[in-house]
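Architecture and fold: a report
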Amino acid sequence: SISFPAEVAVDRSVADKPQLRLAAEGPMGITYALLVLNKNRVLTWVDFDKHTKSEIEKEWQGLPLEELPELILGIAPQKDSWKVVASDQDSFEVASDFGKIWYGLKWFEDGSKPVISELKSERYEVKFKDHVGAREYYLPREIEIKGKDGLYVRVNWRERKWNQKVPAAAFEVPKTEF
């Protein structure tokens, strides 16, 4: 679990190979934990306090790793190949490549603008809270991702900067001797 301010960087310039860096930093600029998804679809978690490092390839809890950056940004995965198998006014369920995913909706303003407030699969849950945005879209300020394996990531967005150049080195995991 990350309990420090985090710096998040996402590179989606190659659609099927997005990259993600989430660094938990203390007030003195020290990195305490690091989560990196590289272009080779390897997700690395480094906890510098506990001196541990773990890697996952291709998928986490049934979620293809290339979809994790979208969840961190507050964008719920939706594929053309997925089929809606159930729906009502406040939710819908799809059959995905990795099982069923339930989407809970929240309605804004006069009830005509829905946003996804949560999603649940057999192996992970995501909650999207405090949506803000323009007329065409809303993005959440808070995202919680919980996996059945115990992984928990919570991001509270204070500021988003779009279309900023991120150096390639940001998505490299530093060498560690644990």
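As the structure is a computational prediction, the values presented were derived from the model and not from experiment.

Turning to the overall build of the chain, a few remarks are in order. A tally of regular secondary structure across the chain gives one helix and 14 strands. In summary, the chain has a C-alpha radius of gyration of 17 Å against a globular reference of 16 Å for 178 residues, a match within 12%. Put simply, the chain has 178 residues, and 39% of those count as buried. A sequence separation of at least 24 residues applies to 32% of the contacts in the chain between residues at least 6 apart.

Further remarks concern the sheet that holds strand β14 (residues 152–156). Spatial strand order, β8-β9-β10-β11-β12-β13-β14: seven strands in an open sheet with antiparallel pairing. The open sheet has two free edges, formed respectively by β8 (83–88) and β14, since each of these has just one partner strand. Strand-to-strand twist of the sheet, defined as the mean angle between neighbouring strand axes without regard to direction, takes the value 20 degrees. As paired elements, β8 and strand β9 (residues 91–96) share five bridges and run antiparallel to each other. Bridging from a neighbouring strand, S87 pairs with F92 of β9.

Within the secondary structure, R21 sits in strand β2 (residues 19–25). Despite its burial, R21 pairs with no opposite charge, the nearest such side chain being E7 at 4.4 Å. Here A170 takes part through its backbone oxygen, which lies 3.0 Å from a polar atom of the side chain of R21. Excluding anything up to four places from it in sequence, R21 contacts E7, V8, A9, L34, L35, V36, A170, F171 and E172.

The next thing to look at is the sheet that holds strand β1 (residues 6–11). Whenever strands of a sheet pair, they do so through backbone hydrogen bonds, lying parallel or antiparallel. An order of β1-β2-β3-β4-β5 is seen for the five strands of this open sheet, with the pairing classed as antiparallel. Because the sheet does not close on itself, it has two edges, and the strands there are β1 and β5 (52–57). Averaged over all adjacent pairs, the angle separating strand axes in this sheet is 10 degrees, with direction ignored. As judged from the six bridges shared by β2 and strand β3 (residues 31–37), these two strands associate in the antiparallel manner. Bridge pairing in β3 links A24 to A33.

Mapped onto the fold, E144 is located in strand β13 (residues 138–147). Judged by its relative accessible area of 10%, E144 is buried. Taking the C-alpha atoms as reference points, E144 and T31, separated by 113 residues in sequence, lie 21 Å from one another. Not counting the four nearest positions on each side in its chain, E144 is found in contact with E125, V126, K127, K129, Y152, V153 and R154. A polar contact is formed between the side chain of E144 and the side chain of K129, at a distance of 3.5 Å.

The rules we used
- Per chain, the residues get numbers from 1 upward, laid out in the order the sequence is written.
- For this predicted model, a pLDDT threshold of at least 70 governs which residues receive local features, and a threshold of 80 or more governs which side-chain atom pairs are given and counted, while totals over whole chains, interfaces and linings are taken from all residues.
- Only hydrogens and water are set aside; all other atoms, that is, all heavy atoms of the structure, feed into the side-chain values.
- Think of it this way: any DSSP run of H or I at least four residues long counts as a helix, any run of E at least two long counts as a strand, and we number them from the N terminus.
- This radius of gyration counts C-alpha atoms alone. The globule rule is 2.2 Å times how many residues there are, raised to the power 0.38.
- Three labels apply to residues, based on accessible area from a 1.4 Å probe with only protein chains included: buried if under 20% of the type maximum, exposed if over 50%, partly exposed otherwise in between.
- What makes two residues a contact is simply this: any of their non-hydrogen atoms within 4.5 Å.
- For two strands to pair, DSSP has to find at least two bridges joining them.
- As a rule, the C-alpha atoms of each element are fitted with a line to give its axis, helices using only the stretch in contact, and angles between N-to-C directions run from 0 to 180 degrees.
- Under the counting rule used here, the positive set is Lys and Arg, the negative set is Asp and Glu, and His together with the chain ends is not counted.
- One side-chain nitrogen of Lys or Arg within 4 Å of one carboxyl oxygen of Asp or Glu is enough to make a salt bridge.
- Pairs of N or O atoms are called polar contacts if they sit within 3.5 Å, as long as, within protein, a hydrogen donor faces a hydrogen acceptor (for residues adjacent in sequence, only side-chain-to-side-chain pairs).

Honestly, it's all geometry; don't read function into it.
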